[in-house]
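# Observations on the three-dimensional arrangement
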Amino acid sequence: MVYVLLVLGFVLLIKGADFFVEASSSVARMLRVPSIIIGLTIVAFGTSAPELAVSTTASLAGNNEIAVGNVIGSNIFNLLVVLGACGAIHAMKVRLRWDFIASVVAGMILLLMIVSDLYLSRLEAFVLLGLFIGFLLLTVRDALINRVEVEENQTVLSPLRCVIYIVGGLAAIVWGGDLVVDSASEIALNFGLSQTLVGLTVVALGTSLPELVTSVVASRKGENGLALGNVIGSNIFNIVMVLAMSAAVKPIAVSRFAVIDAACLVVFSLITWLLCKSRERLSRPEGLTMLGIYTGYLVYICLR
């Protein structure tokens, strides 16, 4: 039965992402804004829902390492695996904008906040939430300035179908992700793997599955802006909204390992920027390189 639920989870993930991306693309055309704007907002916010639920619940329960580790781990996964998989499966054009720099700066600010006292206070949480509001305002301003014309051969769904597809697709993505995580965890434990290892691998992958599936589906549909915007927006949301909300609810004490991981996030962000900036495209070899870097990082966190 557990294997049936695992397959069902993947089916829900893939079909949910298909509807979600189609509706999000239609919203971008309807509003006449670049698809990356929708990726940075609607898509990123929706796919970050699992991280918000996990981190806030973990913070309330006093599981600080889970709250912080979930956010930093998901951001590293988004950068190296989600973007890397998109490039490895299908080479994609990448036009880096101010928002990618914002995601790197958000990682640096988080590192500076926790490196000295190993603590994320309520005051620091409210500073991050202020940055989140500023990011949303800049994104809305960007959307109003950069209007685009809809091509005649492009289909646009009705507003009602967009709402149904977005809500239904996101629900399928979240439910499918839960089924995959629960089923894979049970299978892994049955094979004798420890709960710690399962948490570092299966659960960490599970909260990032929405970003992975949504971005890969978007990339295969030629919606590179949605794919890239989803990753960048999710990484910004995870720090200045998800982690900030968790710390605002209850201040978070972090471990020295979290500081190392935050530093790794900044380094990986700069590496990703260099790879994407070189020719404004992410090729298959570059995508495979990013996946290789993540494999090395995964080995490191398992060994430590």
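Every value quoted in this text rests on a predicted model; they were computed, and no experiment measured them.

Before going further, it helps to examine the overall build of the chain. Within the chain one finds 11 helices and 4 strands. Counting only residues that meet the buried cut, the chain has 53% of its 304 residues in that class. Pairs at least 24 apart in sequence give 86% of the contacts found in the chain among residues at least 6 apart. When the accessible surface of the chain is summed, it comes to about 13,700 Å², and 69% of that surface belongs to carbon and sulfur atoms.

What follows is about a nonpolar patch on the surface. Judged by side-chain polarity, Met 30, Leu 31 and Val 156 come together as a nonpolar surface patch covering roughly 240 Å² of accessible area. Mapped onto the fold, Met 30 is located in helix α1 (residues 2-31).

In this section: the packing of helix α6 (residues 122-145) against helix α9 (residues 224-249). Closest axis-to-axis distance for the α6/α9 pair is 8 Å, and the angle between their directions is 145°. The chirality of how α6 crosses α9 is left-handed. For the pair α6 and α9, contact is made by Arg 122, Ala 125, Phe 126, Leu 128, Leu 129, Leu 131, Phe 132, Phe 135 and Leu 136 and by Ile 236, Phe 237, Ile 239, Val 240, Met 241, Ala 244, Met 245, Ala 247, Ala 248 and Val 249, respectively. A breakdown of the residues in the contact of α6 with α9 according to their chemical character gives 18 nonpolar, no polar and 1 charged.

Moving on, we come to the environment of Cys 264. Position of Cys 264 among the secondary structure elements: in helix α10 (residues 256-279). Judged by its relative accessible area of 19%, Cys 264 is buried. Along the sequence, Cys 264 and Gly 107 sit 157 residues apart, while their C-alpha atoms lie 9.7 Å from each other.

The rules behind each value
- Throughout this document, residue positions are counted from 1 along each chain, in the order its sequence is written.
- Only residues with pLDDT of 70 or above have their local features reported here, since the model is predicted, and side-chain atom pairs are shown and tallied only from 80 upward, although totals for entire chains, interfaces and linings are computed over all residues.
- To obtain the side-chain values, all non-hydrogen atoms of the structure were included, while hydrogens and water were left out.
- A run of DSSP states H or I qualifies as a helix once it reaches four residues; a run of E qualifies as a strand once it reaches two. Both are numbered from the N-terminal end.
- Under the scheme applied here, a residue whose accessible area is under 20% of the maximum for its type counts as buried, over 50% as exposed, and between as partly exposed, the area being computed with a 1.4 Å probe on protein chains only.
- Should any heavy atoms of two residues lie within 4.5 Å, those residues are considered in contact.
- Areas reported here follow the Shrake-Rupley algorithm with a probe of radius 1.4 Å; residue values treat only the protein chains shown as occluding.
- Patch criteria: residues need more than 30% relative accessible area and no salt bridge. Like-charged residues are merged within 9 Å; nonpolar side chains of Val, Leu, Ile, Met, Phe, Trp and Tyr are merged within 5 Å.
- Note on definitions: salt bridges are taken to be side-chain nitrogens of Lys or Arg within 4 Å of carboxyl oxygens of Asp or Glu.
- The axes are straight lines fitted to the C-alpha atoms, using for helices just the contacting stretch, and the angles between their N-to-C directions are given from 0 to 180°.
- Left-handed describes a crossing in which the near helix is turned anticlockwise from the far one by less than a right angle; the clockwise case is right-handed.
- Basically, the charged four are Asp, Glu, Lys and Arg, the nonpolar ten are Ala, Val, Leu, Ile, Met, Phe, Trp, Tyr, Cys and Pro, and anything else, Gly included, counts as polar.

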